[in-house]
Amino acid sequence: MGKWKKLTAFAPALAAVIVAACAGISLNGYTAPVYAVEQPEALVTPEPEQDTDAAEKKDDTKKKDDTKKTTDTEAELVAAVGSGSFELADGTYEGSGTGFGGTITVSVVLKDKTIQSISIVSAPGEDAAFLTVLPDNAIADACKAELRRFDVDTKRIVTGEGRMGIYYLEGGANQRPSKVVYDRAWSAIALAKPGDIDWDKAFEGVEWFHFTGITPAISESAMELSVESVKEAKKRGITVSCDLNYRKNLWKYGKKASEVMREIAKYVDVAIANEEDVQKSLEITVDDVNVESGELDRAKYKALGDKVLAAYPDMKMIAITLRESHSADWNGWAACLNDGKDFYVSKKYEIRDIVDRVGGGDSFAGGLLYGLNHYEDKQPALEFAVAA
């Protein structure tokens, strides 16, 4: 894949952006591409034999409609994806268009007038590698195979003692929130300790290192390894980004999140967080910002970002996601970015009928890393991240 430019703990998740693209959504002036689609060959009904005159008339009519046909099909698919109502025949539709920083090709499978799947055939992105510690067994091999399916390099993954960590998710509904049960004790990454990773090999050719606050929360040795990782990255001049990701159910080994994350934050160039992450991981607050209320006053978040950047002078910027949780399946969604000079606020989305919100923050992080490396201005980078 050529020179490795980025090392990210999460491959940029662009599937949501593809859905937005198919639906023709405009992101503050950035209009999604329209995809040219073709009826699957298997679904084309053979024409019955006709006399010569009828065939010639049909051919003339077809020529007149050639230009209109593709446009009608495109519009039909875009409208169908956007509304959830499909009149297209069952089958697989594939097409590509230019937008969101490059050419995106998607494959949409329809059955019984319902989208069964939307797959990314190709999309713009960065070379990415995954760095962690996994056991030497078939489950870990399956994990690495899944990563490779998305062109994520797995050669830097270290093998160690332990097992695969896991967690169980009970999805929320209406006013009942989701519930997570973590089962990560004695996992390979929980047992990993400083010295287990060869940083010269892990960071070879790397320009950007991304990690999250979940890893140092798993165990004390994983925390020490996390601190070692950011120090080694900065020693090599690598840009470090961190999603603070406060998880109250994980900090069980005797240290508070703030004891650890305030030290790690000294080595972070780009921080990503929500309001609770900032308050619980960095112990930085602003009057009248209540993380339990579900309501958002965006003006307060500029002051919150200012306080974080003042506390960590080497930090170049902080992005804060703004989620209004009306219920388990209805969220307001936006974000802001503070670089110490300017304050950017994204478009706000009202997202209803949520099926699965797990990974939304990771999608935002991947989108932000991509946007900061591909857009000259931070506003479109932020809009890209929120759309992702």
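Residues numbered from 1 in each chain as written. Predicted model: local features only at pLDDT ≥ 70, side-chain atom pairs only at ≥ 80, totals over all residues. Heavy atoms only, no water.

What follows is about the layout of surface pockets. In this model, the second largest pocket occupies a volume close to 250 Å³. If you trace the second largest pocket, you find 14 residues lining it, with Arg-184, Ala-185, Ile-218, Ser-219 and Leu-250 closest to the centre. Counting residues per element, the ones that place at least two in the lining of the second largest pocket are strand 12 (179-183), helix 4 (188-191) and helix 6 (215-218). Among the residues making up the lining of the second largest pocket, the classes are represented as 9 nonpolar, 2 polar and 3 charged. (1 Å grid on protein atoms, 1.4 Å probe; cavity = no way out; pocket = protein on both sides within 12 Å on 5 of 7 lines; lining within 4 Å. Points joined across faces, edges and corners; volume = space filled by probe spheres on them. Helix = DSSP H or I, 4+ residues; strand = E, 2+ residues; numbered from the N terminus. Nonpolar A, V, L, I, M, F, W, Y, C, P; charged D, E, K, R; others polar.)

Here we come to the confidence of the model for the protein. Put simply, the protein has an average pLDDT of 78, and 68% of its residues get 70 or more. This model gives residues 66-71 a pLDDT under 50, and the stretch forms 1 contact once residues within four places in sequence are excluded. For the stretch residues 291-295, pLDDT sits under 50, and the model shows 6 contacts to residues farther than four places along the chain or on other chains. (pLDDT = per-residue confidence, 0-100. Contact = heavy atoms within 4.5 Å.)

Of all 8 residues making up helix 9 (residues 275-282), 6 are buried, and the element is well covered by its neighbours. Every buried residue belonging to helix 9 is among Glu-275, Asp-277, Val-278, Gln-279, Ser-281 and Leu-282, and all of these are buried. Its buried side turned inward, helix 9 meets strand 14 (239-243), helix 8 (257-264), strand 15 (270-274), helix 10 (298-311) and strand 16 (317-327). Capping the start of helix 9 is the job of one residue whose side-chain oxygen sits 3.0 Å from the backbone nitrogen of Glu-276: Asn-274. (Buried < 20%, exposed > 50% of the residue type's maximum accessible area, 1.4 Å probe, protein only. Polar contact = N/O pair within 3.5 Å; in protein donor to acceptor, adjacent residues only side chain to side chain.)

The next point concerns the pattern of salt bridges. In the structure shown here, the tally under the stated rule is 20 salt bridges. A salt bridge links Asp-200 to Arg-236; the nearest nitrogen and oxygen atoms lie 2.5 Å apart. Placement of Asp-200 in helix 5 (residues 199-202) and of Arg-236 in the loop between helix 7 (220-235) and strand 14 is noted, with a sequence separation of 36 residues between them. Residue Asp-200 is classed as exposed on the basis of its relative accessible area, which comes to 54%. (Salt bridge = Lys/Arg side-chain N within 4 Å of Asp/Glu carboxyl O.)

When you line up the elements, Thr-154 lands in the loop between strand 9 (152-153) and strand 10 (158-159). You can call Thr-154 buried: its relative accessible area is 9%. If we skip the residues at most four places from it in the chain, Thr-154 touches Lys-144, Leu-147 and Arg-148.

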